[in-house]
Amino acid sequence: MEIHRRLPERRPYPAPRKNVLLLSCMDLRLIDDICGFMDGDNLENRYDQLVFAGASLGVMQPRHAAWRDVFFQHLDIAVQLHDIRDVYIMEHRNCGAYAHFLGPEFEYPDTAEGELAEEEEHRKHAKSLRDAIMAHCADRRDSGGDPELWDIHVRCFLMDLRGSVRMLITEGENYDF
Ligand SMILES: [Zn+2]
């Protein structure tokens, strides 16, 4: 489902009531589109932004394993300092980091089949990070953290190069951990 920036009925998830942590890729073509999307969710000046090459893949890939630690260290600080209750994972099409980390076969042709395969690959990595975030929050609650503070929702999006955004994972889908 494509998300309309300004019409709440076309946004298939509840509006965030608190602040948000946004994870996005370093792609410089989409910086303005990402700002526009966040503004459309009424989040102007209400989000922390972490930029990792490849977004969820960047955090989860093993080549630079420290990136994963950096992400979760920042998540902890964002929860504590900015009271964030939602994490937005913003993947994007034609992502050079996917080919960089996974190989040239992860550059996709602009065909219907190519776009489907590309979306599936982004869904896989976004889901893996989403599950890691949920497991991290459960650990924090289990070790005495404030249950309300660590009740985090993760929403996964895919943006194309025109700035159109769709949900990568249907809300309410089961977590895998
Ligand atoms: Zn990218």
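Scroll up a little and you will see the structure.
Remember, it's a predicted structure, so these values are computed and weren't measured experimentally.

A. Helix α5 (residues 112-142), seen in detail. Over its 31 residues, α5 extends 44 Å from the first C-alpha to the last, a length consistent with the 45 Å expected when each residue adds 1.5 Å. If you check which residues of α5 are buried, you get E118, H122, H125, A126, L129, R130, I133 and C137. Each element contacted by the buried residues of α5 is listed here: α2 (56-60), β4 (84-92) and β5 (153-159). Just downstream of α5, G144 is the residue with a positive phi angle, here 95 degrees.

B. Structural context of the nonpolar core. Among the nonpolar cores identified, the biggest contains 37 residues, and L21, L22, L23, Y88, I89, M90 and F157 are the most heavily contacted of them. Elements with a minimum of two residues in this core: β2 (19-24), α1 (31-40), α2, α3 (66-82), β4, α5 and β5. For L22, the residues in contact, after removing those within four places along its chain, are M38, Y47, D48, Q49, Y88 and M90.

C. Here's a closer look at the pairing of β4. Of all nine residues in β4, eight are buried; the element is thus mostly enclosed. Examined bridge by bridge, β2 and β4 share six bridges and lie parallel to one another. When the sheet's bridge partners are listed, N19 is paired in β4 with I84. In terms of strand pairing, β4 meets β5 through seven bridges, oriented parallel. Across the sheet, residue E91 finds its bridge partner in β5, namely L158.

D. Summary view of the pairing of β2. In terms of burial, β2 is a largely internal element, five of the six residues being buried. One ladder, built from five bridges, connects β2 with strand β3 (residues 47-51); its direction is parallel. Paired with L23 across the bridge in β3 is L50. Taken together, β2, α1 and β3 form a β-α-β motif whose crossover is right-handed.

E. A look at the environment of G163. By the secondary structure assignment, G163 is in the loop between β5 and β6 (165-167). Overall, the presence of 16 C-beta atoms within 10 Å leaves G163 in the partly exposed class. It is 20 Å that separates the C-alpha atoms of G163 and N45, two residues lying 118 residues apart in sequence. Not counting the four nearest positions on each side in its chain, G163 is found in contact with L30, D33 and G36.

F. A look at α1. All buried positions along α1 are accounted for by D33, I34, F37 and M38. One face of α1 carries all of its buried residues, which in axial projection span an arc of 135 degrees. Just beyond α1, the residue with positive phi is N42, at close to 60 degrees.

G. Spatial organisation of unusual backbone geometry. Even without glycine at this site, N42 takes up a positive phi of about 60 degrees. Within the element layout of this structure, N42 appears in the loop between α1 and β3. Of note, D83 is a non-glycine position whose phi angle comes to about 55 degrees, a positive value. Structurally, D83 is set in the loop between α3 and β4. Residue classification places D83 among the exposed positions, given that 11 C-beta atoms sit within 10 Å.

Rules of the game
- Each chain carries its own residue numbering, running from 1 in the direction its sequence is written.
- Restriction of local features to residues with pLDDT of at least 70 applies here, the model being predicted, together with a cutoff of 80 or more for giving and counting side-chain atom pairs; totals for whole chains, interfaces and linings are based on all residues.
- Strands here mean DSSP runs of E at least two residues long; helices mean DSSP runs of H or I at least four residues long; both are numbered from the N terminus.
- For a helix, the expected span equals 1.5 Å multiplied by the number of residues minus one.
- Any residue with 12 or fewer other C-beta atoms within 10 Å of its own C-beta is exposed, any with 20 or more is buried, and the rest are partly exposed; the C-beta atoms used are placed from the backbone.
- What counts as a contact here is a pair of residues whose C-beta atoms, placed from the backbone, lie within 7 Å.
- Residues enter a nonpolar core if they are buried, belong to Ala, Val, Leu, Ile, Met, Phe, Trp, Tyr or Cys, and are joined to the set through C-beta atoms within 7 Å.
- By definition, two strands form a pair when at least two bridges between them are found by DSSP.
- With its strands directed away from the observer, a crossover is right-handed exactly when the path from the first strand over the helix to the second travels clockwise.
- The directions considered for the arc run from the helix axis to the C-beta atoms.

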